[in-house]
Each structure stands twice: as C-alpha cells, then as structure tokens.
Amino acid sequence: MKLRVGQTLLAAAIGLTMTLPAVAETIKLGVAGPHSGDLASYGIPSRKAAELVVAKVNANGGINGKQVELMVEDDVCKPEVATNTATKLVSAGVKVVLGHICSGATKAALPIYNNAGVIVMSPSATNPALTQSGEYPNFFRTIASDDAQAKAEVNFALNVLGLKKIAVIHDKGDYGKGLAEFAKIFLEASGKGEVVLLEGVTPGAVDYSAIVQKIKRSDADGVIFGGYHPEASKIVTQMRKKRMEIPFISDDGVKDDTFIKVAGKYAEGVYATGPQDNSANPLSQTAIDAHKQAYNEDPGAFYENAYSAALALVNAIQVAGSTDFDAMKKALQSSDVDTPVGKIHFDESGDAVGVGFAMYQVKDGQFVEVK
Amino acid sequence: MISLEEFKRSFKVALWFMFLTFPLLVIKVNPIERTVLWKWENMAFVGIGAFILSVLIRAFFIQKERSRNSSKNKRRFGYIGDEPLVQFILREPKYLYPLSGGVLIFALLFPALFDTYQTNIMTTALMYVVLGLGLNIVVGLAGLLDLGYVAFYLVGAYSYALLNYHFDIGFWMALPIGAMLAALFGIVLGFPVLRLRGDYLAIVTLGFGEIIRLVMENWNAFSHGPSGISNIPRPGFFGMDLSLDSAILYIYYLVVALVIITIFVVNRLQDSRLGRAWIALREDEIACQAMGIDKTKTKLTAFALGATWAGLVGVIFAAKTTFINPASFTFLESAIILSIVVLGGMGSILGVIFGALVLILLPEYLRVFSEYRMLAFGGILVVMMVFRPQGLIANVRRTYQFKKSTKGGDS
Amino acid sequence: MEYFIELFLSGLTRGSIYALIALGYTMVYGIIGLINFAHGDIYMIGAFTSFIVATVLSIYGFPMLSIIVLAGLAAAVWASAYGYTIEKLAYRPLRHAPRLSPLISAIGMSIFLQNYVLLAQTSDFLPFPELIPEFDFIEPYAHVVGSAEIVILITTALAMILLTLVIKFTRMGKAMRATSQDRMMAMLTGINVDRVISTTFIIGSTLAALGGLLIASHIGQINFYIGFIAGIKAFTAAVLGGIGSIPGAVLGGFVLGLTESFATGYVSSDYEDVFAFSLLVLILIFKPSGILGRAEIQKV
C-alpha cells in the first residue's frame, strides 16, 4: 500500500500525471495536516484514522467497486506550506480531502480546493469564520466551532456552577485565543459575571507557576482555559499543587484522554466541553479498538473526529455515486451517517448537525458527562 | 582494500550505535496500561546499518586517499586546470552568457513544462532565492550574523495585508511601501546593535525577530492576532481579476523577474564602493576604520538593504498565500534562510541560488519519504556541511593574475 | 509581599532550569566558539531516557529510591553519549571550516534529533512519573512553594558548586580553561584538545539531562519538542550573562527567569517573552559582552 502511494507521488512529482492513463479505478482521498514539527501530535492521529477507515473500506471491496487510495501530505500547520500541499493534491487529481488540522492552514488552503471543486472536511479546524463567513462552500467539519463551545462553557460556569469572577486564560494560539475572546464577550454580555483576568501563556514554557500565582491573586473563583491539553495539564497541575481548588473549565482541545493520563490525579474535577458521550456508541469502540490493534496504543487528539469525517466522506461518495462536487455536497447535507461522534449530516454552512455537545468532568480518571 | 583492523573498528562503531539508540528505539513503554514493548529488531537494524555505513565511509576515504597519492596531476572531476568548473564558467563570458540565457529560457518555459504544483513550489523556492540573496548582503558580505531576518519578511507581509485591509491599497502600491518599511526596521534594529560583535549580534537579532512576532501574536487590535488575516488579494493584472491558475502563473513570472533584478542589483552592489566596504568590514573592522570607511553608515546600509529584499518578498508572500498569521514567521524560518546562505556558500550569489533551490525543493521532493521527511532533511543538512563546509559553490576571492590577455578573475 | 515572594520563587525555579541548560551552551561556546543548537535536544533526550527508564522500572516494581537514582544515571549516561557522538560526527570534522558551517550543522542536528525521537517514540505528550516526592514539612507552605521547586533549587545549586570545583581544581578543569583561552597554545603544552572538547560536551550534556529530568518531573509531561524553546531560552540566558563565562550563565539564567516571572506577575504574561528579549537587547546595548562577559579588547 505504502509503496504504491510512494510511486504515485513520485510520478506526480515528475509531472507525469497528465501523460499517464487516468488511474480511473481508484478514488483518491487526500489527507493533509501536520505530520512533523511541533504540532505533529494533532495531525498524526487523523492520518491514522484515515488509514484505518480506508483499509477497512478497501477490504470490503471499496466504494461502489472502486478502491480508495490515500494521498497523505504534510502541511506542518503552516499556511504557506498548506497552499503547496493543496496545489499538490489538486494537481494529483484528488477530489476529496480530509484535513487540514489547523485553522490557519485550512484558511490558506481552502481557496485552492474551492477553485478545483474539491470537498474538504476537517476534524479539528474550529475557527468560526470557516463556516460562518460563507466564503468556503466546499468546507465541512466534524467538530463544533469556537463560539459554540465558548458559549457552552460560559453558560455552564455562570448558571450551573454559579461563578462570579472568572479568569480567562489561553495559549496565545489561533484556537485558544479565539475561544478565550469569545468567552470574554459572552461573559461580559451576560452581566452575571466579570472577567478578572484575561491572559495568554506561552506554550512550551518550562514552568507556569507565575501565572498560577497571578490567578490566585486575581481572586477568581473559576478558570476558563482556551487551548490544548499540554498547557492545560501543566496549569492544572501547578494550581492543584499550590492548593488552589477552584473549578477549571476548558474546551475539547482538553477533552482528550491524554489530558487525564498526563495530569493524572490532578485532572480530577476538571470540566471540559466536548462532543457528546460516545462510549456507549459501538462505532466509537470499534474505532478505538482498531487503533489499539494496529498501533498498540490509545489514539491521540481528534482521532474520533477524523474517523467520523472519513466515514462521512466515504458515505457521501457512495451516495453521490461519484466525487462530483454538487452531488457530494448534496449527499453530505442530506444523508445521515453513523459515526463515532453520532449520527450526523451537515448544514448549509458546513457544520455538522447531530454532533451532540456536552460538558464533562473528570471523575476517577475518566471524563463523565455532567447531566 | 579494507584491512581487518578497519572492519574491527566498524564493528565497534556499530556496537556504539546500538548502545546509543537502545532506550529510545528499543523500549516503548505505555505508562497508562503499564506495558513495555521491547523492539529488539530495531537494535539489530541499527547495528547492521551502522556497520555497513561505517565500512562504506571507510572505503570511501581509503579510496580518496589512494587516488590523491597516485594521481596528483591527473584531471579532477569538475575542474579545469586548477580551477573549479563553475568558477571557470563564471569567469568566461563566452560560456556564461549562453548558459545563463539557457537557464532563463528554462525558467520562462517552466510553467509550460510542468504542472501547477511544480510551478507553485518553484515560486516558493525562487522567493527564497531572493531572501537568501538579501540575507547574503548582511551575513555573507558584511559579515553580520543575523538570526532574526524573518522579522523583515514579516514586516513586508503584514504591511501589505494591513494596508490592504484598512485602506484597500493594491499590491503594486504595497510593494514599495513594504520594502521601505522593512528597510526602516532594518535601520531601527541596526542602531542599537552597532557595537555588538559576532554571536552577541546573533542573539539580539534573534530576540528582535521574536519580539516582532510576539507583538503580532498578542496585539489583536492591530494585527488580528494569531488567527491572522485572510482574503488578501492576489496581484491584479492591469485591473483584471485572474483565475487561480493564471494567478499562480502570474506570480511565478513576477518572482522570476524579481530574482533577475535581485541578481543584477546584488552583483552590482558587490562590486561597488559600498560592497567593497562591506567586505572590508567583514574582514577586519579596525583596519577598515583606519582606511576611512564610515563603519556606522556601512553597517546600517547593509541592514537596510538586506531588509529591503525581505520586505519585497514578504509582500509577494502575502499575495501568494492570501492568508498570513504570525506562525509563518518563526525562528526556524530565519534558520532556514541562514542555512541557504551558508550551505550555498557565503558571499557567492550562484551559491545562494543553489542553496535556496536545494533547501526549499528538497523537503518537497522528500515528501516521497512521508514521515521520514524532516529526519532526512536534518541529516542531509549535517552531511552536506561535513562534506562541503565551505558551501556548495564557494565564493572565490578576487585575485588579479598577470597573464596575457586576461582581465582577471571575477567572483 | 507574599505575592512578591511567590513570584520570586517561581522565577528562581525557572531560572535554575535555564541555568542548567545554559551551562552547556556556555561551556561549549567557551571552548570551540560554537552555538550548539542541538543542546536543547540533548536536554529533551535526557528527559526522554529518564522517562523510559523510570517507567520501565516502576512497571517492574522497583522501589522509588532506586528508580530515581537509575533514571538519573541513565539520563546522564545517554545524554552525554549523544553529546559525545554528535560532537564527533557533526562538529569535529568542521573544526577548521568557516565559522558559520558548524552552526548550520548544529541546526540540522537539532531537526534530526527531534524527528528521530518523534519517529522512535511518539508525537504525543507522555505523562512523566512524579519522581520528586511531596515532603511533609513543606505542607504548611504548599500554596507558596512546592517540594519539586525546592529540590530543583537545591540540585541546581549543588550541580553548580560541583562544576565550579571541577573546573577550578582538577587537571581536566585546568586543561579546559587553558583550551578556552588559547586552543593552539594549549595544544603546544601537551593538552589533548580533542579529549578536552569531548569532556566538555559530556559535562554539558549531563547537566542538560539533569535539567530535563528535574523539569519533566516538575511539570509532569514530555514530548519530543520540549527542547526547542528551553534551548532558545537557555541560549539567551547564556548570552545575557556573558557567553563563555560559567558564573555568567548561572546569573543569566536567574535574571531571565526572574524577569519572566515578574513580567507575568506584574504586567502580563502575554508579553512575557517580549520582556525577556527586550531585557536582553537593553543589557547588551549597555554591556555588549553580557553581564559578566569579558570585554574583548582587540589588539592590532
């Protein structure tokens, strides 16, 4: 399998694609995301998800009799590399792409795909503008957008936990900072609570005790954090070690089993929003088991979203009968598909409908839905 | 041939590498399920691989030693007389002009010969040629180690993006403005660091580059923060809007033109009074001052002129990707541009061009190796430096020889 | 006041980690004049090795104390083995090359090592076992300072005293000082310069590995990329203090750590790094060779 992909890529690289007889009997599915560099841990699980789904589909005879061929490309999460990646996939005749992972890279790549009539589905790009601006008719995603999450977090903090003074912390990144700013807007609009601190931490810094002391001094009775699990676990660990027991509410960048593994006992009691509880969903179990079987470890970030996206794309191709842009779009919007994140289809703007959204709390080393 | 002793040494090397890679390659632990996976086969691979590689390298050096001893005056590959072939061609207009003409024609026909993807990455590579040539002024000619060159690139890119966003200023207006702003930043940075030497300069420029990027990341009201600026228009062609394919083509030719202009200007600069002052400054600051060269002015012009090119390319970068955010301007980017200059051969224009093409196209073509791509890239960087520390095409110092009917060498 | 002390302690913790890594930078720079960009990755490899060893041992049920000792030893041994090998492969052949060539080789090595660990292990963040126990006597002050912070401070102090003694009083230390003053002259007096340089890399790597072990068990997680940022910060610290000077590296580390901590505490952590780098620029403007660096007097 790998070798074949390699050869095709090579052929594409030498520019022979045009002269080759069209490889008509396969459907090419592009997978783009960071597979090297500092953000690789967010891209590799999606790649594995795509590989597993495609292997399964191919073993069952492919889609409408055609085998699916994966074309995996690394974009390092950088916009300028993402445009090259996108051009490469488009040149190679890819009509369906699973990716990109980072919102910035996705934004840079989308116009190129759109121009070529390529359907793009991201498991992780949460920037609201991607679907709400209406500029990217070819874009779909299996994850909720930042503002929806921020709203859920704020409501939970104010109405369920009854917090009044909230420290909003983020990781200065595209995702985390966007979320934190939405949280601030919703908090201020609600009139029920105030933002006592809004600050960004530097990802990868060796120690966060200074910011933890600052949160303590701000007298906040709760923390909303926008960002990913590595920073969250560092902050929570240091907060708890400093004997600060105030609630810590975060997003689905944190609602990841790695968070519990890394933060260990300090993860107890942390809240995080995320897709509805899927553990009862047999598909989710199948997906995780497949990963464990193939790689002998638990899946990483966005794995289920990517698995779902791959299933949704495969289903859409099947229903549409081809990779034609309009037919696929229609199929994505109309045909429900069972995935690890629930039974989903997509709305006009490209957001998934049916991805339930819930608040979780870590209890005894597991995310448990808060009812 | 290789003696038994050599085999023994290679064997020891293999053992050493097996020891070295033992914990990271062989043991894989799962700290949650508390299981350990021992991958002994990896150790065997490392051992065999290291042994074979070591024997090959030894054989190569023995061969090299032998050929050096036996054939002192035989023709060496790639040399004409005592001179490397490249230098010879550069010196003789008779060969140089037709050759560069050929390269130019190839460059112009490139989009017709290859597909859009190829054109796109070639555009990127050519942009780095210009960046490399710009940095070459600072590092190669003036000898000022700059690890924050990417800051000027950022200034160029953001000036177009922001001017367009707020005032709807077009690409062609933004191009000179971006270049000028970058030059201004070059001077602003240049002033405080005039007294610094060598590696102190390096870290201050690195810090400066980081400061600018962090400000862009945090100052949302000004720069839109980490989510960046999207929908930056591509350059218009006399007011026409181009389709994506033709826009890529258009930008490609734009960059080709920029490369030609850059080569011309940098070449002339090198031979100018200013260029010689830079080289003198690089060689010996004190002697240089004693000769009456204004050190401050010379250094500042080096920074300003170097930054100008970065600003120009920055504007084109913003127009090409149509989306920018601070993540594109990290220290690693500066390191890559510096690698282009050093790997190509400091101070040598042709070297920098080759360096940029190799370093930018390499990771793209290494995509064939998928996940081993960056590993190979890092390894190749090391190996290239070890085998050709002076760079791919070293700069040859200007020498004057008294020979009949020759004008003297050119670099 | 309590807030000030808290920030001060947090700055010291940060600073001592920077100092541990900065020592490696500064020693290597002092001797061969190379900015060893791969040094941050040695720190990462040290942390990873101790992670693997500690986890394996705890799975096989070894007692805590032996785990700490063995993990520390393994980290030191393998980090210095990597340091030694890298010097031999990537820097030694370039000793007489143009000044910037080894720098590029170092950048390449850094990229290589990161991706090597990424491929050999995983891209994910891994939980690092808590090797530093929670001391009971600290409990009343736990909201101010943790036992991990105290252990880090004490270990750093010990390591620095030991290093100073080694450099001041041993034969190897003398040889190192001689080599850093004038390599050619040292060679003429019969010092085996190659060996001195190798030793320098080994000592520097051991210190980095120690830093990696301490910080990883303090923050409880590692991945293949942790070396990059720590490396850049430590390099900044080394230059701040005056690169090539050993007390300078320590002082630079603390100054940098404290600046960041106070900037976060009293201004905003948004601009934490901006403060750190601005301080660097300011100090170098007024003292172009760092706080404790010797001003180079150029003779003509």
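The structure displayed is predicted, hence computed values, not measured ones. All residue numbers refer to positions counted from 1 along the written sequence of the respective chain. Chain letters start at A and ligand numbers start at 1, both assigned in the order the entries are written. Under the rules for a predicted model, residues below a pLDDT of 70 receive no local features and side-chain atom pairs below 80 are neither given nor counted, while totals for whole chains, interfaces and linings still include all residues.

Draft legend 1. View of the overall build of chain B. Under the DSSP-based scheme used, a helix requires at least four consecutive residues in state H or I and a strand at least two consecutive residues in state E, with every element numbered from the N terminus. Helix and strand content of chain B: 17 helices and 4 strands. Over its C-alpha atoms, taken along the principal directions, chain B stretches across nearly 80 × 75 × 50 Å. Think of it as a crowd count around each C-beta: if 20 or more other C-beta atoms lie within 10 Å the residue is buried, if 12 or fewer it is exposed, and in between it is partly exposed, with C-beta placed from the backbone throughout. For chain B, with 411 residues in total, the buried portion stands at 45%. Counting only contacts in chain B whose residues sit at least 6 apart along the sequence, the fraction spanning at least 24 positions is 73%. Here the contact rule is simple: place C-beta atoms from the backbone, and any two residues whose C-beta atoms are within 7 Å are in contact.

Draft legend 2. Spatial organisation of the interface of chain A and chain C. Taken together, the 31 residues of chain A in the interface contact 33 residues of chain C. When contributions to the side of chain A that touches chain C are tallied by element, the ones reaching two or more residues are α2 (40-59), β7 (194-200), α8 (209-217), α9 (229-241) and α10 (257-263) of chain A. Ranked by residues supplied to the side of chain A that touches chain C, first place goes to α8 of chain A with 6 residues. Polar here means any residue other than Ala, Val, Leu, Ile, Met, Phe, Trp, Tyr, Cys and Pro, which are nonpolar, and Asp, Glu, Lys and Arg, which are charged; Gly is therefore polar. Looking at the side of chain A that touches chain C, its residues break down into 9 nonpolar, 12 polar and 10 charged.

Draft legend 3. Inspection of the interface of chain C and chain B at higher detail. With 54 residues of chain C at the contact, the number on the chain B side is 43 residues. At the level of elements, α2 (39-59), α3 (64-91), α4 (101-120), β1 (126-127), α9 (226-241) and α11 (272-286) of chain C are the ones that each hand at least two residues to the side of chain C that touches chain B. The greatest single-element share of the side of chain C that touches chain B, amounting to 13 residues, is contributed by α4 of chain C. When its residues are assigned to classes, the side of chain C that touches chain B shows 40 nonpolar, 12 polar and 2 charged.

Draft legend 4. Quick peek at the domain arrangement of chain B. Each assigned domain of chain B is listed here: domain 1 (4-70) and domain 2 (84-387). Each domain's extent is set by a domain assignment, obtained either automatically or from a database. One C-alpha centre belongs to domain 1 of chain B, the other to domain 2 of chain B, and the line joining them spans 39 Å.

Draft legend 5. Local environment of unusual backbone geometry. Residue and element names in this part refer to chain A. Cis rather than trans, the peptide bond between Gly99 and His100 has omega equal to -15°. Note on placement: His100 falls in the loop between β3 (96-98) and α4 (103-115). The phi torsion at Lys172 lies on the positive side, around 65°, for a residue other than glycine. Here Lys172 lies in the loop between β6 (165-170) and α7 (174-190).

Draft legend 6. Inspection of the environment of Leu305 of chain B at higher detail. Residue position: Leu305 of chain B is located in helix α14 (residues 295-321). For Leu305 of chain B and Ile137 of chain B, which are 168 residues apart along the polypeptide, the C-alpha to C-alpha distance reads 7.5 Å.

Draft legend 7. Examining the sheet that holds β6 of chain A more closely. Residue and element names in this part refer to chain A. Within the open sheet, the 7 strands sit side by side as β7-β6-β8-β9-β10-β14-β15. Their pairing is mixed. Edge strands, defined here as strands with exactly one partner in the open sheet, are β7 and β15 (366-369). Going across the sheet, the axis of each strand differs from the next one's by a mean of 30°, ignoring polarity. In this description, strands pair whenever DSSP reports at least two bridges between them. Pairing between strand β14 (residues 357-363) and β15: 4 bridges, direction antiparallel. What sits directly across from Gln361, in β15, is Val368. An axis is simply a line fitted to the C-alpha atoms; with a helix, the fit covers only the stretch in contact. Between two such axes, the angle follows the N-to-C directions and lies from 0 to 180 degrees.

Draft legend 8. Layout of helix α1 (residues 4-20) of chain B. All names here are of chain B. Each residue after the first adds 1.5 Å to the expected span of a helix. Between its first and last C-alpha, α1 extends 24 Å over 17 residues, near the 24 Å set by a 1.5 Å rise per residue. Those residues of α1 not exposed but buried are Ser10, Ala14, Phe17 and Met18. Viewed end-on, α1 has its buried residues packed into an arc of 105°, placing them on one side of the element. Those residues of α1 that are exposed and aimed more than 90 degrees away from the buried face are Glu5, Lys8 and Lys12. Each direction from the helix axis to a C-beta atom contributes to the arc, which is the arc of those directions.

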